[in-house]
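For reference, the chains in residue letters:
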Amino acid sequence: MNKKIMIVDDDKEFLEELKEVLILSGYKVEVSDGAAFAFEMIDTAKPDIILLDLNMPNKSGFEIATELKYSPKYKNIPVVAISGFAKDEHYISLMDICGIKTCLEKPLNPLEVIAKIEGY
């Protein structure tokens with residue numbers, strides 16, 4: 001069975017590139033170009049894994065991850081953060097508080113993304 005991946009990121013070009021890589025690798029992919037409709041899309045798509053940008057306007061990935069963590073409906077969906085600040089100590093602390101177990105650093109290596117997804 002192919003895993004369903006949801007990508008939430010405000011960078012539309014990045015979204016399309018990552019979506020294409022994952023589709024070509026055999027995954028079903030849904031995208032949200034920000035937080036506004038992310039929960040509606042999660043409800044509809046029912047993803048196996050969420051790839052979540054941490055730096056977005058209006059609502060950060062940290063806020064979304066926290067909401068997911070405390071939602072009985074969504075708390076079991078693994079969240080993989082994606083950020084250019086993956087090694088920043090402040091970010092690492094916040095990810096832990098939000099229930100994010102792992103983070104991929106931008107720019108992403110497609111093989112690392114696939115390896116991370118396959119780990120779930």
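Before any of the text, the structure's been laid out above.
Residues numbered from 1 in each chain as written. Predicted model: local features only at pLDDT ≥ 70, side-chain atom pairs only at ≥ 80, totals over all residues. Heavy atoms only, no water.

Draft legend 1. Region of the structure containing the overall build of the protein. Counting its secondary structure elements, the protein contains 5 helices and 5 strands. Counted from the first residue to the last, the protein has its helices and strands arranged as β-α-β-α-β-α-β-α-β-α. Viewed in the frame of its principal axes, the protein has a C-alpha envelope of about 35 × 30 × 25 Å. Counting only residues that meet the buried cut, the protein has 43% of its 120 residues in that class. (Helix = DSSP H or I, 4+ residues; strand = E, 2+ residues; numbered from the N terminus. Buried < 20%, exposed > 50% of the residue type's maximum accessible area, 1.4 Å probe, protein only.)

Draft legend 2. Representation of the packing of helix α1 (residues 12-24) against helix α5 (residues 110-118). At their nearest, the axes of α1 and α5 sit 11 Å apart, and the two run at 60° to each other. Comparing their axes, α5 and α1 come out oblique. Crossing handedness for the pair α1 and α5: right-handed. Of the residues in α5, those touching α1 at Leu18, Val21 and Leu22 are Pro110, Val113, Ile114 and Ile117. Looking at the contact of α1 with α5, its residues break down into 7 nonpolar, no polar and no charged. (Axes fitted to C-alpha atoms, helices over the stretch in contact; angles between N-to-C directions. Parallel < 35°, antiparallel > 145°, perpendicular 65-115°, else oblique. Left-handed = near helix turned anticlockwise from the far one by under 90°. Contact = heavy atoms within 4.5 Å. Nonpolar A, V, L, I, M, F, W, Y, C, P; charged D, E, K, R; others polar.)

Draft legend 3. Structural view of the sheet that holds strand β1 (residues 4-8). Spatial strand order, β2-β1-β3-β4-β5: 5 strands in an open sheet with parallel pairing. Here the strands that pair on one side only, and so sit at the sheet edges, are β2 (28-32) and β5 (102-105). Averaged over all pairs of adjacent strands, the angle between their axes in this sheet comes to 20°, without regard to strand direction. Its contacts with the sheet put helix α3 (residues 61-69) on β1, β3 (49-53) and β4 (79-83), and the angle it makes with β3 is roughly 150°. (Pairing = 2+ DSSP bridges.)

Draft legend 4. Quick look at unusual backbone geometry. Cis geometry marks the peptide bond from Lys106 to Pro107, where omega comes out at -5°. In this structure, Pro107 sits in the loop between β5 and α5. Even without a glycine there, the phi angle at Lys46 is positive, about 50°. As for its position among the elements, Lys46 is in the loop between α2 (38-45) and β3. A relative accessible area of 53% means that Lys46 is categorised as exposed. With a phi close to 70°, Asn58 is a non-glycine residue in the positive phi region. Topologically, Asn58 is positioned in the loop between β3 and α3. On the accessibility criterion, Asn58 (84% relative accessible area) is exposed.

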